[in-house]
Amino acid sequence: MKQIRLAKIEDAKDIALLGRITFNETFGALFKDPEDLRTYLNQTFSVKKIASSLGKTNNVFWIAFVDGLPVGYAKLRLKSPTSFMKQENVSQLQKIYVLKDFLSMKIGKRLQEVLISEAAKNGSQEIWLSVLESNQRAIRFYEKNDFKTVGEHKFSIGKETFDFVAMSKQL
């Protein structure tokens, strides 16, 4: 049985663990220095940082379960304009992470649907996201869901610099 619900502060531990595992599943092999990856995971997916992020009014999280087990989550940042957008009332699809073993269950699609619905309900005219340029599976997923490429940018973690594609969708 699949369930998606709004996340609460009490879900911080599950989201932190999901974030660490899914980030490592997706990007871990791209790091030449394992210490850079470990440092990033510790900083980005600490329970304290996730709990703080859950408490911010412009962040909305959802958590997905299969048979009672947490298997994925999504994060929406409301009112998050960027230089890639012409509109001012823009939200950011900041994260959709699903454990690899559950990707075929279309949980990412469902998380995206509730996230986009929430952005529209909050008056956003457009939603944007960043995706690793080499993550063609994710890019195809977003393109199938009417996202268009609007720019490129770089992001550094430790000694690694990654190329990202910015994509957006009109709501």
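Residues numbered from 1 in each chain as written. Predicted model: local features only at pLDDT ≥ 70, side-chain atom pairs only at ≥ 80, totals over all residues. Heavy atoms only, no water.

**Q** Now, about the overall build of the protein chain: what can you tell me, with residues and values included?
**A** Secondary structure summary: the protein chain contains 5 helices and 7 strands in total. Relative to the globule expectation of 16 Å for 171 residues, the C-alpha radius of gyration of the protein chain, 15 Å, shows essentially globular dimensions. Each principal axis of the C-alpha atoms in the protein chain carries an extent, and together these give about 40 × 40 × 30 Å. Taking all 171 residues of the protein chain together, 47% fall into the buried category. Working note: accessible area of the protein chain is about 9400 Å², and carbon and sulfur atoms make up 51% of it. (Helix = DSSP H or I, 4+ residues; strand = E, 2+ residues; numbered from the N terminus. Rg over C-alpha atoms; globule rule 2.2 N^0.38 Å. Buried < 20%, exposed > 50% of the residue type's maximum accessible area, 1.4 Å probe, protein only. Areas by Shrake-Rupley, 256 points an atom, 1.4 Å probe, with all protein chains shown as cover.)

**Q** Got a sec to walk through the packing of helix α1 (residues 12–27) against helix α2 (residues 34–44)? Specific residues and values, please.
**A** Orientation of α1 relative to α2, taken along the N-to-C sense of each, is 150 degrees, at an axis distance of 10 Å. By the angle between their directions, the pair α1 and α2 is classed as roughly antiparallel. At the point where α1 passes α2, the crossing takes the right-handed sense. Between α1, through R20, F23 and N24, and α2, the contact on the second element is made entirely by L37, Y40, L41 and N42. Looking at the contact of α1 with α2 residue by residue, the classes come out as 4 nonpolar, 2 polar and 1 charged. (Axes fitted to C-alpha atoms, helices over the stretch in contact; angles between N-to-C directions. Parallel < 35°, antiparallel > 145°, perpendicular 65-115°, else oblique. Left-handed = near helix turned anticlockwise from the far one by under 90°. Contact = heavy atoms within 4.5 Å. Nonpolar A, V, L, I, M, F, W, Y, C, P; charged D, E, K, R; others polar.)

**Q** Explain the side chain of K169 to me, and be specific about the residues and the numbers.
**A** The residue K169 is located in strand β7 (residues 160–170) in this model. Within the buried core, K169 has no salt-bridge partner, and the shortest N-O distance to an opposite charge, that of D146, equals 4.3 Å. A distance of 3.0 Å separates a polar side-chain atom of K169 from the backbone oxygen of N145. If we ignore the near neighbours within four places in the chain, the residues touching K169 are I116, Q125, E126, I127, N145, D146 and F147. (Lys, Arg positive; Asp, Glu negative; His and termini not counted. Salt bridge = Lys/Arg side-chain N within 4 Å of Asp/Glu carboxyl O. Polar contact = N/O pair within 3.5 Å; in protein donor to acceptor, adjacent residues only side chain to side chain.)

**Q** Break down helix α4 (residues 107–121) for me, citing the residues and quoting the values.
**A** End to end, α4 covers 21 Å across 15 residues, agreeing with the expected 21 Å (1.5 Å per residue, within 8%). Taken together, the buried positions of α4 are occupied by I107, G108, L111, Q112, V114, L115, I116, E118 and A119. Directly beyond the C-terminal end of α4, a positive phi value near 90 degrees is found at G123. (Expected span 1.5 Å × (residues − 1).)

In short, geometric facts, not functional conclusions.
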